[in-house]
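Working through the structure, step by step
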Amino acid sequence: MKPEELLYSKTHEWVAIATDEAGAKVATVGISAFALEALTDLVFVDLPQVGRSVSAGEPFGEIESVKAVSDLYSPVDGEIVEVNSTLVDQLETLSDDPYTSGWFVKIRIADETALSGLMDHAAYQKQCEQEMADE
Amino acid sequence: MPACDVPSEPVERLLPPEALAQTAPSLPEVTEPELVRHFVNLSTQNMSVDSHFYPLGSCTMKYNPKRNETLSSLAGLLGLHPYQRVETIQGMLSILHSLQEMLAEISGLEAVSLQPAAGAHGEMTALFVAAAYVRDTDPARNVVLIPDGAHGTNPASAAMAGFKTVEVKSTPGGLVDLDDLASKLDERTAVFMITNPNTLGIFERNIAKICQMVHDAGGLVYLDGANMNAILGVTRPGDFGADMMHFNPHKTFSGPHGGGGPGAGPIAVTGKLAPYLPVPVVKKSGEEYGLDFDRPKTIGRVRSFFGNTGVLVRTYCYLRTHGPEGLRRVSENAVLNANYLLSRVKHFLPVPQGDRCMHEFVATAQTLKRERGVSALDIGKRLLDYGFHAPTVYFPLIVHEALMIEPTESECRSTLDAFAEALFRVTEEDPDLLHHAPHTTSVSRPDEVRAARQPILKWAGPER
Amino acid sequence: MPYIPNTDEDRRAMLQAIGAASIDELFEMIPADLHLGRALDLPPALGELELAVHVGELAARNRPASQSTCFLGAGSYDHFIPSVVDFVASRSEFYTSYTPYQAEASQGNLKALFEYQTLIAQLTGMDVSNASLYDGAGAAAEAVLMACSVTRRHAKVVAASTVHPEYRQVLGTYLQNLETELVTVAAPNGTVAPEELDAAIDDQTACVLVQHPNFFGCLEDVEQLSALAHAKGAAMIVAVDPVSLGLLRRPGDCGADIVVAEGQSLGNPMSYGGPYLGILACRDKFLRRMPGRLVGETVDRRDRRCWVLTLQTREQHIRREKATSNICTNQGLMALRATVYLSAMGPQGLRSTAELCLKKARYALGQWTGEGLLQPVFSAPTFKEFVVRVPHGQADALLSAAGEQGIMAGVPLGCWYPELEDCLLMAVTEKRMKAEIDRMTDVIRTVLN
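The structure displayed is predicted, hence computed values, not measured ones. Every residue gets a number counted from 1 within its own chain, in the order that chain's sequence is written. Chains and ligands are labelled by the order in which they are written, letters from A for the one and numbers from 1 for the other. At least 70 in pLDDT is required for a residue's local features to be given in this predicted model, at least 80 for side-chain atom pairs to be given and counted, and no such filter applies to totals for whole chains, interfaces and linings, which use all residues. Calculation of side-chain values draws on the structure's entire complement of heavy atoms; hydrogens and water are dropped beforehand.

1. Re the overall build of chain A
Along the backbone of chain A there are two helices and nine strands. Under the scheme used here, helices are H or I runs from DSSP no shorter than 4 residues and strands are E runs no shorter than 2 residues, and both carry numbers assigned from the N terminus. Overall, chain A shows an N-to-C arrangement of helices and strands of β-β-β-α-β-β-β-β-β-β-α. Here the C-alpha atoms of chain A give a radius of gyration of 14 Å, agreeing with the 14 Å that 2.2 N^0.38 yields for 135 residues. Along the three orthogonal principal directions, the C-alpha set of chain A runs to about 40 × 30 × 25 Å. Burial classification: accessible surface area is computed with a 1.4 Å probe over protein chains only, and a residue below 20% of its type maximum counts as buried, one above 50% as exposed, and the rest as partly exposed. Out of the 135 residues belonging to chain A, those deemed buried represent 44%. Intrachain contacts of chain A at a sequence separation of at least 6 include 59% that bridge at least 24 residues. Working note: accessible area of chain A is about 7,000 Å², and carbon and sulfur atoms make up 48% of it. With 8 positive and 26 negative side-chain charges, chain A shows a spacing of 5 Å between the two charge centroids. The atom set for the radius of gyration is the C-alpha atoms, and the globule formula is 2.2 Å times the number of residues raised to the power 0.38. Contacts between residues were defined by any pair of non-hydrogen atoms, one from each residue, lying within 4.5 Å. All accessible-area figures derive from a Shrake-Rupley calculation using a 1.4 Å probe, and residue coverage is judged against the displayed protein chains alone. We count Lys and Arg on the positive side and Asp and Glu on the negative side, and we leave His and both chain ends out. The location of each charge is read from NZ of Lys, CZ of Arg, CG of Asp or CD of Glu.

Given below as structure tokens:
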């Protein structure tokens, strides 16, 4: 997936929207290259079980570096339908390809209202630049 | 082991076969000379207070008096079983009773429990006490407010006591932001936890007002006593408004730290909280000492038996060695040493919170990091090469590239000078040399990422 | 002052460097009205000689169990401690160092704790041990919280009444502000009745806590009880006496998911109840929910094997209110003592210690309950402790008479178990000689006849 075509949350998750065979909308969620760079030296990722329901803005998992833990926030309301279970063994290479093999979970969207709060790539770039300036 | 001197059947006849192990336990088979050499060699790979200056901020690494080790090891103290009858332990109970009274006096609070086994355990115990009090008086109160510079144990202890935690901001000067505090105090506030002097080594000059605000809102004030080394005999938590506090005897009252324990975490509380303290407490009637279990409102027990008595006996020895004047002199000299070091360090490492401190101060390597890529971690590691233990780094979280330095009163001026000199030289050194420091220790920087990604937590054989 | 090296002249020079007129000026940060303004009301200072006399007098007012014939147990035991344990633990490079956060300057502590973790894992049959907790009771309480977190069940915890009463009290205190109910399963015959345990466990039960050998010294059928817990999806926590593992099957081989223990027996003096050593070990799958510090192996920049505190994101200094526990300081020096003790004893030493405890305890039980003197209370097989009933109203007289002979005879059980009002819990370790046991027989005979 190309970063320019994705949506982004304020908390640095990226989102790709697709439609499944049943016609339901499914969000694929990962975290951005910018966030990965800030986290550095990832050691563990804790992902939810398939079937768990999540709501927008609430944590669905955690990502850990040696001395920090960050929550992973769901950008949408819905249900976890797939989890990238190979991710935990690929943390070393996650930053090489955060937008394709580096996805975390797929969420079947129950309510689309939260989507309108997400940013496009240009707006997200701006947020990242602002954060860098604040540091 | 000696031969069995009682007539006996074989083990197989005494216990059912399904309960017995098929083989002896898997343990090392080494002779005593090998064992001694192994552990003595290991010991030489540690830095310690007895061998090195150890300015680890927030940890109060002061000298550990040898008389305390000797006296606490007397058979009449070390050999007591916790369930001996009280008439056989009157001397021990006398020590513990006096210690309760001395800690009450030092804290300015009414009642003391010696049971908690460590500072964090004391925090948790006091919050259990607060929870029980709130249950009796105003059960809707379920929030603990904690400043953003607090030790991580504060929010963790509050969570274990079933409270929700809310963070209170600090001002740019490192004090509690009174407006933010006011906005967060309400009818759900159970406790406000505060470290004073705070983790930046600053005394909260508004402490009386802060306590008043919390009390007006119906909450209790908890004082994290980690930094008591700055104020012994100068001011008392009970007098500035705290309702409860813990002591860290392994810090303030000379420990020792034991490579990470044992500590102890006695707590002191006001009269209205006293009925909730854990059982037992030591009581005295006439000349007889006893254990009081008959306390209907008690939260119960937080530890088996009496507590970390061995640490408490050392505390008693320390307090009896100093007396009132001596104890005050401890704090005076701890504060003097910290201010002296601050006056030397501030010229090459900025100390954002100003020219004066209590028993410790926090310098920042932010400029060095930005301009030359040298981090607080690099500096700490390089100091090991100069024969000094590193300061605490990256704490408190509210200062970037923090170096938290606490010299304690038991260091002399020339050591402080040598340390300041080394610190200065480090800040002038080639960044590349610092990134790879330390160079002279038995190992260089460990690969912590590898340790956490594929944890090896027990011996897995000689091959890696 | 004995531990303040600066002279008055140093202080003057230092104040000058600071730019302060006096030490009092340094305390101006504290508002004037908060200054105590008087000396603390504490007893006067004592020099070293005076202190030694004073503390020596207080110590002499105690009668230490270690210098008596000690049949007291109930979680704290008079076991033999090889000299090498005290020798190593008195190296001040160990006891005056801090928690080994600064790995390059702490390899000694880290390696010793790594060895501790290894030995505890091997002894218990678990995959992983942490680097110690406060005591056995705290370890049991932390294990229960961990089990709630792992199973995601927070409604109910089941404990056997044969678990040390103080452990259950501590657990009760830890749970009193949470939504978790503590259910205690009675054991009128001295061991857990499987059908009663089974009835107490439901699909909301996070874990089952048993002790083996239990508080009364009786062996529980851990394998059967574990199967009952697992059948309902509950975790099995077993509290053990580490010395018994010289002889008994490892709890890890009997279905335990988490093993906890009071490690005092492993080379730590009785010391009126502390400092002791909380042992906690578990299966790999619980690793990330473990409380307390963990030491891990890694390599340094020159690829040399070394050790470091690891998986710290579990802990309070990083995860704060979401940490697995609030624990920070642990019992490092006690863990070091246990490591040296286990290394000094070795497989055969620990095994023969356990055998001696068993044989001597059985001999004592036989002698004291022979001739119809004391009554054995439970029939289940015991390890180094057992419960006896004294004829009604005579327990106190027996304890006093024994006391006069320099014997600390047993722990009365009535304060915890009203139905065991006239009963004593008696422990016999490898240190007790036949002559001491026989002397107690004489005391019993004298008092009861």
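2. Observations regarding the overall build of chain C
Each helix and strand counted, chain C has 14 helices and 15 strands in total. Across its three principal axes, chain C shows a C-alpha extent of roughly 85 × 55 × 50 Å. Within chain C, the proportion of its 449 residues that are buried is 68%. As displayed, chain C offers around 14,100 Å² of accessible surface, 49% of which is attributable to carbon and sulfur atoms.

3. Considerations on the nonpolar core
By nonpolar core is meant a set of buried Ala, Val, Leu, Ile, Met, Phe, Trp, Tyr and Cys residues that side-chain atoms within 4.5 Å join together. Counting 155 residues, the largest nonpolar core has B:Val191 and C:Ile258 as its most contacted members. Sort the elements by how many residues they give to this core and helix H12 (residues 332-369) of chain C lands first, with 13 residues. Excluding residues within four positions of it along the chain, B:Val191 makes contact with B:Leu127, B:Ala130, B:Val143, B:Val144, B:Leu145, B:Leu220, B:Tyr222 and B:Met244. B:Leu93, B:Val374, B:Ala422 and C:Leu36 belong to the second largest nonpolar core, which has 117 residues in total.

4. Quick look at the environment of B:Leu175
Residues and elements named next belong to chain B. With respect to the secondary-structure elements, Leu175 resides in the loop between strand S3 (164-168) and helix H8 (178-184). Judged by its relative accessible area of 7%, Leu175 falls in the buried class. C-alpha separation for the pair Leu175 and Thr199, spaced 24 residues apart in sequence, amounts to 9.9 Å. Apart from the residues within four sequence positions on either side, Leu175 is in contact with Lys169, Ser170, Asn198, Ile202, Phe203, Glu204 and Arg205.

5. Quick look at the interface of chain C and chain A
Contacts between the two partners involve six residues from chain C and, on the opposite side, nine residues from chain A. For the pairing of chain C and chain A, the buried interface totals around 670 Å² over both sides, and the portion due to carbon and sulfur atoms is 45%. The term buried area denotes the loss of accessible surface (1.4 Å probe radius) that occurs when two parts are joined, taken as the sum for both partners. Interface area lost by chain C to chain A is led by C:Arg288, C:Thr313 and C:Arg319, which between them contribute 61%. Any carboxyl oxygen of Asp or Glu that lies within 4 Å of a side-chain nitrogen of Lys or Arg is treated as forming a salt bridge with it. Viewed at the interface, chain A and chain C are joined by four salt bridges. A salt bridge links A:Glu62 to C:Arg319, with the nearest nitrogen and oxygen atoms 2.4 Å apart.

6. Looking at the interface of chain C and chain B
Contacts between the two partners involve 188 residues from chain C, matched on the other side by 195 residues from chain B. Each partner contributes to the roughly 16,500 Å² buried at the junction of chain C and chain B, and carbon and sulfur atoms together form 63% of this total. Between chain C and chain B we count nine salt bridges in total. Put simply, C:Glu48 and B:Arg67 hold a salt bridge, and the shortest N to O gap is 3.5 Å. As used in this structure description, the phrase polar contact means that two N or O atoms lie within 3.5 Å; if the pair is within protein, one of them must be able to donate a hydrogen and the other to accept it, and residues adjacent in sequence are counted only when both atoms belong to side chains. For the pair chain C and chain B, the interface holds 89 residue pairs in polar contact (both at pLDDT 80 or more). No other element matches the 25 residues that H12(C) contributes to the side of chain C that touches chain B.

7. Considering helix H7 (residues 136-151) of chain C
Residue and element names in this part refer to chain C. With 16 residues, H7 should reach 22 Å at 1.5 Å per residue; the first-to-last C-alpha distance of 22 Å fits that figure. Burial runs high along H7: 13 of the 16 residues are buried. One or two steps after H7, the chain reaches Arg152, where phi turns positive at roughly 55°. In this scheme, a helix's expected span is set at 1.5 Å multiplied by one less than its residue total.

8. Observations concerning the pattern of salt bridges
Summed over all chains, the structure comprises 55 salt bridges over all chains. Where B:Arg328 meets B:Glu332, a salt bridge forms, and the shortest distance between an N and an O atom there is 2.9 Å. Note that B:Arg328 and B:Glu332 are positioned in helix H12 (residues 309-345) at a spacing of four residues, about one turn of the helix. Owing to a relative accessible area of 25%, B:Arg328 belongs among the partly exposed residues under this scheme. Between C:Asp198 and C:Lys232 there is a salt bridge; the shortest N-O distance is 3.2 Å. Here C:Asp198, found in helix H9 (residues 194-200), pairs with C:Lys232, found in the loop between helix H10 (222-231) and strand S6 (235-240); they are 34 residues apart in sequence, far enough to count as distant. Salt bridges here are not isolated pairs; linked through shared partners, they connect A:Glu62, A:Glu64, C:Arg288 and C:Arg319.

9. Some details on helix H2 (residues 32-43) of chain B
The terminal C-alpha atoms of H2(B), which comprises 12 residues, lie 16 Å apart, in line with the 16 Å expected from a rise of 1.5 Å per residue. Among the residues of H2(B), B:Leu35, B:Phe39, B:Val40, B:Leu42 and B:Ser43 are the ones counted as buried. What you see down the axis of H2(B) is that its buried residues fit within an arc of 155°, all on one side. Turned more than 90 degrees away from the buried face of H2(B) sit B:Pro33 and B:Arg37, all of them exposed. Looking at the buried positions of H2(B), the neighbouring elements they touch are helix H4 (83-89), helix H5 (92-95), helix H6 (107-124) and H12 of chain C. It is the directions from the helix axis to the C-beta atoms that the arc portrays.

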